Protein chains: 2
Amino acid sequence: MEKALLEIEEKARLARAASRPLSYASSAQKDAALKNIARCLLDNEPAILEANLKDQNEAKASGMLPAMLDRLIIDQSRLEGIAKDTFAIAALPDPVGEIFDMNTMPNGLIIGKKRVPLGVIAAIYESRPNVTVDIASLCLKAGNAVILRGGKETIHSNTILAKLIRQAVEQAGLPKEAVQFIENTDRNLVNHLLKLSDQIDLVIPRGGAGLISYVKQNSFIPVVAGGIGVVHVYVDADAKVTDAVNIAYNSKVQRPTVCNAMDTLLVHKDIAPVFLPAVAAEWSKAGVEIRADEAALKILENTFGCKLIPATPDDWGKEFLALIAAVKVVDSLDEALSHIARYGSGHTESIVTQNYTSSQRFLNEVDAAAVMVNASTRFTDGSQFGLGAELGISTQKMHARGPMGLKEITSYKWIVYGSGQIRG
Amino acid sequence: MEKALLEIEEKARLARAASRPLSYASSAQKDAALKNIARCLLDNEPAILEANLKDQNEAKASGMLPAMLDRLIIDQSRLEGIAKDTFAIAALPDPVGEIFDMNTMPNGLIIGKKRVPLGVIAAIYESRPNVTVDIASLCLKAGNAVILRGGKETIHSNTILAKLIRQAVEQAGLPKEAVQFIENTDRNLVNHLLKLSDQIDLVIPRGGAGLISYVKQNSFIPVVAGGIGVVHVYVDADAKVTDAVNIAYNSKVQRPTVCNAMDTLLVHKDIAPVFLPAVAAEWSKAGVEIRADEAALKILENTFGCKLIPATPDDWGKEFLALIAAVKVVDSLDEALSHIARYGSGHTESIVTQNYTSSQRFLNEVDAAAVMVNASTRFTDGSQFGLGAELGISTQKMHARGPMGLKEITSYKWIVYGSGQIRG
């Protein structure tokens, strides 16, 4: 164990040292490294698939459910997808080096900010092996060194992917030590890693609620976490019913297992008798289970084919990640706003309305990473928001909120051009 | 103790609840509250001075040194200064509500960002009672609720100041619960406060290194910390000697007890024989002690009046906060850059040079909150950088770096204007 701890420290030190030249590497150099990674992955398909097969076999032997198993599979087409994503990241604009807020002060000092990499980012993640390539590529593109610590379910895949990434980076003339991979999946090592605040600037946990809260509670290093989405759609009295049905359906059904899928539908009492049966009819075709409050139950009890059960207090504020929706009838916009303030997780909230004042109040008063009017909650996503790629979705307010793209893994430094000024 | 813990939780809950209406209070309302605070402080001068006298007497009785004692004194002129600062904060532009990065996407969604308050900020600070008013005013101006926990040396002053602030806020029609004050200075309560991540969005520790690392290591809440400045001035071979002397003198002597004062002077070997005696002569008039490396010792040994002692390894990377400077002769810009990378604390670094390439390399390669060319390090400061006011200087890279003004205690939310869009 002692040896493993020292190894972690050494990796963090190597990453820190490599982050310095990487921080001012040219865009061309970084892009060459990324393209090299993509090509290197394609060139080594047989070895990657073989390693992945080992993960699959071990997962099957351990009795992993098919849905989970599917997440860790790499086949030819998925590998091509990973390489394509890496080429796409290479093609994005480099966030580093932007100069902004530059002003000349009365004393002649020219003062402003220059965008710089954060330095060293540690990513702690679970299952999907594509995350290894994704995060490494995004970090390198933004000039950051990265320490990767994936889950043990994909250890064989991650090990070879990390080895190939390091090779590709080195071939492109950048320090391979900018990418560190922790093979030992002992949790005590994660705990040790989280204490190395002199070497690591940011920790990004990607995975379930357990992982995220473990990281938050044990880290001496700043953490940007997210992923938990308790998402509401509020259908206002003045909603267009067709919009409301489309948005409630799409928000719930289009991809129910992700964080921006709707969990609770709030409906104004004046529109509930018309709207609720309409959305329930659509949902029933997709097999959505409705957990309804008393008023919604009453309206829906005779709707044909509806999977209807009474809501319990636990259903409010719950992230279902499944074809289940909690439904509540509210008396007013104010009640909807209070419900969201109490139960929302600060991810995405959407109002459906044709009323101008309601839309403005909702945008103004709801405190969440993304607040929408007349749009599906499924749009909260780096590529949909125009960021090109995303590392995750932050539900905290510090540093970055909502989808995190390249700019969100940078910082800035103040730069000052003087001509001999001293302070009086 | 149990009761005190529950009280802390209740205060955090009240602050969270008050933060909601405060987040969309108008600029006029917030400014009215700030002006009311300033007036209220002036109106209650006798009571404030009386409370402060108690603090002074207890401090004297406990044997506090005069320099420390001076920091906690409030007299009439200092109180007027505090009120004036509060009026000045009221006069700054409101950072909240700015809409930026707004774009229309190909699907017609209009997506952008709106600046919003962080929510609830906890400030944990030591000595100076003006910090109570400063931080409360800055937080309120940016729409944040605040939980104040000052040191026990100024408990009487802080208690009355917080009471008056709450009164003034309420009189202006904003919730007084937006300002919470923790009277019990038991450190266990701070530890408990640092765990309340559901109610508090940011912790700002202001004080010595011990306080800052305690907060960082015990907080479940994001922390923005700073204050430790190991600051270098590098005098390049091509420096203008008069500039170099002025900048090295000003950086060290103008206010030696603060974080942006210079600690280590690095001098290129080619200019050292001319420059070092010149700066040592100036420094000796101010009583600066020089801790010199071997090469610098040799050059300075015959300089008249110079307080010269050999540097020990501990002197590199040390924040002196006193009239002491470490001095090292380097062979090259590269050696200076390596020294700074190894020993700097990421606060402020300055190069003195007339060489264009050296200046660009220094700006590019040094990783610090503020990187300067031909300017005194003493300029790293919110008001000098044009922020109007400052909560502190961050030496971390997440969220805010360098001087933190009003904008640095805000976040943003993504806002989305749709017209019925769903995701395909």
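Residues numbered from 1 in each chain as written. Chains lettered and ligands numbered in written order. Predicted model: local features only at pLDDT ≥ 70, side-chain atom pairs only at ≥ 80, totals over all residues. Heavy atoms only, no water.

In the nomenclature of UniProt, chain A corresponds to Gamma-glutamyl phosphate reductase from the organism Dehalococcoides mccartyi. Looking at the Function heading of the UniProt record, one finds this comment for chain A: "Catalyzes the NADPH-dependent reduction of L-glutamate 5-phosphate into L-glutamate 5-semialdehyde and phosphate. The product spontaneously undergoes cyclization to form 1-pyrroline-5-carboxylate." Per its UniProt entry, chain A bears the Subcellular location comment "Cytoplasm". (UniProt positions renumbered as here; feature names shortened; annotations may be inferred.)

**Student:** Explain the relation of the copies chain B and chain A here, please?
**Tutor:** The two chain copies are connected by a rotation around an axis plus a translation along it. At an RMSD of 0.0 Å, chain B and chain A line up after a rotation of 180° and a shift of 0.0 Å along the axis. Here the symmetry operator amounts to a two-fold rotation axis. For chain B, the minimum C-alpha distance to the rotation axis belongs to His399 of chain B and amounts to 1.9 Å. (Least-squares fit on C-alpha atoms with pLDDT ≥ 70 in both.)

**Student:** Looking at this structure, how should I read the domain arrangement of chain A?
**Tutor:** By convention, interface size is frequently given as the accessible area that disappears when the constituent parts associate. Residues and elements named next belong to chain A. Its domain assignment divides chain A into domain 1 (2–225 + 399–417) and domain 2 (232–384). Using C-alpha coordinates to define each centre, domain 1 is positioned 36 Å away from domain 2. Counting residues at the interface gives four residues for domain 1 and seven residues for domain 2. Buried surface at the junction of domain 1 and domain 2, both sides included, amounts to about 350 Å², of which 54% is carbon and sulfur. On the domain 1 side of the interface with domain 2, the three residues burying the most area are Arg401, Gly402 and Pro403, jointly 91% of the side's total. The interface formed by domain 1 and domain 2 includes one salt bridge. A salt bridge links Asp367 to Arg401; the shortest N-O distance between them is 2.7 Å. (Domains from an automatic or database assignment. Contact = heavy atoms within 4.5 Å. Buried area = accessible area lost by both parts, 1.4 Å probe. Salt bridge = Lys/Arg side-chain N within 4 Å of Asp/Glu carboxyl O.)

**Student:** Quick question: what am I supposed to make of the packing of helix H2 (residues 27–43) of chain B against helix H7 (residues 155–171) of chain B here?
**Tutor:** For any two helices packed against each other, the geometry comes down to the angle between their axes and how far apart the axes lie. All names here are of chain B. With their axes 8 Å apart at the nearest point, H2 and H7 run at an angle of 135° to one another. Taken as axis vectors, H2 and H7 run oblique relative to one another. For the element pair H2 and H7, the recorded crossing hand is right-handed. Between H2, through Ala33, Asn36, Ile37, Cys40 and Leu41, and H7, the contact on the second element is made entirely by Leu161, Leu164, Ile165, Gln167, Ala168, Val169 and Gln171. Class assignment of the residues belonging to the contact of H2 with H7 gives a composition of nine nonpolar, three polar and no charged. (Axes fitted to C-alpha atoms, helices over the stretch in contact; angles between N-to-C directions. Helix = DSSP H or I, 4+ residues; strand = E, 2+ residues; numbered from the N terminus. Parallel < 35°, antiparallel > 145°, perpendicular 65-115°, else oblique. Left-handed = near helix turned anticlockwise from the far one by under 90°. Nonpolar A, V, L, I, M, F, W, Y, C, P; charged D, E, K, R; others polar.)

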